[in-house]
Amino acid sequence: MARRAETIELAVLGLLHEGPMHGYELRKRLNLMLGWGRVLSYGSLYPALKKMLRANLIEEATATTPVSRRPRIVYDVTDAGHTEFERLMSEVGPTAWEDDNFDIRFAFFGRTDMEIRLRVLEGRRTRLQERLARVQSDLERTQAEVNRYAAELQRHGVESVEREVRWLSDLISAERGEPLSRRLGTNPSTTPTRSSTDR
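Residue positions within a chain follow its written sequence, with the count starting from 1. Predicted model: local features are reported for residues with pLDDT of at least 70 only, side-chain atom pairs are reported and counted for 80 or more only, and whole-chain, interface and lining totals are derived from all residues. Excluding hydrogens and water, the side-chain values take into account all heavy atoms of the structure.

This part is about the overall build of the protein. For helices the rule is a DSSP run of H or I covering at least 4 residues; for strands it is a run of E covering at least 2, with both sets numbered from the N terminus onward. Counting its regular elements, the protein contains nine helices and three strands. Scanning the protein from its N terminus toward the C terminus, one meets helices and strands in the order α-β-α-α-β-β-α-α-α-α-α-α. Buried positions account for 33% of the 199 residues belonging to the protein. When contacts within the protein are restricted to residue pairs at least 6 apart in sequence, those whose partners lie at least 24 apart make up 56%. Accessible surface computed for the protein: about 12,700 Å², of which carbon and sulfur atoms make up 52%. Each residue gets one of three labels from its accessible area relative to the maximum for its type: buried under 20%, exposed over 50%, partly exposed in between, using a 1.4 Å probe on protein chains only. Here, two residues are considered to be in contact whenever any of their heavy atoms come within 4.5 Å of each other. Each accessible area is a Shrake-Rupley estimate made with a 1.4 Å probe; only the visible protein chains count as cover when residues are assessed.

The structure is reproduced here in structure tokens:
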């Protein structure tokens, strides 16, 4: 629960850097970032907002919209919130590349320097490679003991992790400025080019 609260805090601070938002908009944007598997309820969001208000990381104000005359509470990031966001985004360690935190950090990568981005991406890749080795070992050991549907589910898990490892490797290469041909494992001198008759 503590880790989830920290993830929500990081996401809220990142979103409010774009401008003030009311609770409904924040929840909608957070659910888009968290993905369909981790829907955020108001019961999780509002306690996090109250805690951030007490810590002076955000502030609230009332605003009216053209659609409704009724005032609505909007949240904005404070100077202390800006500082805290920068601190959280500069942290490099296991929590930065765990499942609960990586997606949110990645969404705000544009606000971090390349060295931090590389360390987080490499940490995530290493963690997934370790997970892949374990899953593949389990798959080989248990394949004869489970039914074909359970085996298929395990195989799907392996393929999902392999796909993310490839994606991370491409991102790391791009961050380092490696040419596309090297990332694809091809030699530019032997890569065929389209002639005028092909067009």
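The rest of the description comes next.
Attention shifts here to the packing of aromatic side chains. Any two of the Phe, Tyr and Trp rings considered here, Trp counted by its six-membered ring, make a pair once their centres fall within 6.5 Å; the pair's planes then place it as stacked at under 30 degrees, edge-to-face at over 60, or tilted in between. Taken as a whole, this structure holds four aromatic pairs when the rule is applied. With a centroid separation of 5.7 Å and 85 degrees between ring planes, the pair formed by Phe-85 and Phe-108 is classed as edge-to-face. In this pair, Phe-85 is assigned in helix 4 (residues 79–90) and Phe-108 in the loop between helix 6 (99–107) and helix 7 (114–142), connecting sequence segments 23 residues apart. Each member of the pair, Phe-85 as well as Phe-108, is classed as buried. With a centroid separation of 5.8 Å and an interplanar angle of 35 degrees, the aromatic rings of Phe-102 and Phe-106 are classed as tilted. Residue Phe-102 and its partner Phe-106 are located together in helix 6, separated by four residues, close to a single helical turn. These aromatic residues form a ring-pair network of at least three members: Phe-102, Phe-106, Phe-109 and Trp-167.

Residue Phe-106 is classed as partly exposed on the basis of its relative accessible area of 28%. C-alpha of Phe-106 to C-alpha of Arg-117: the two residues are eleven residues apart in sequence and 8.3 Å apart in space. Excluding its chain neighbours within four sequence positions, the residues that come into contact with Phe-106 are Leu-121, Trp-167 and Leu-171.

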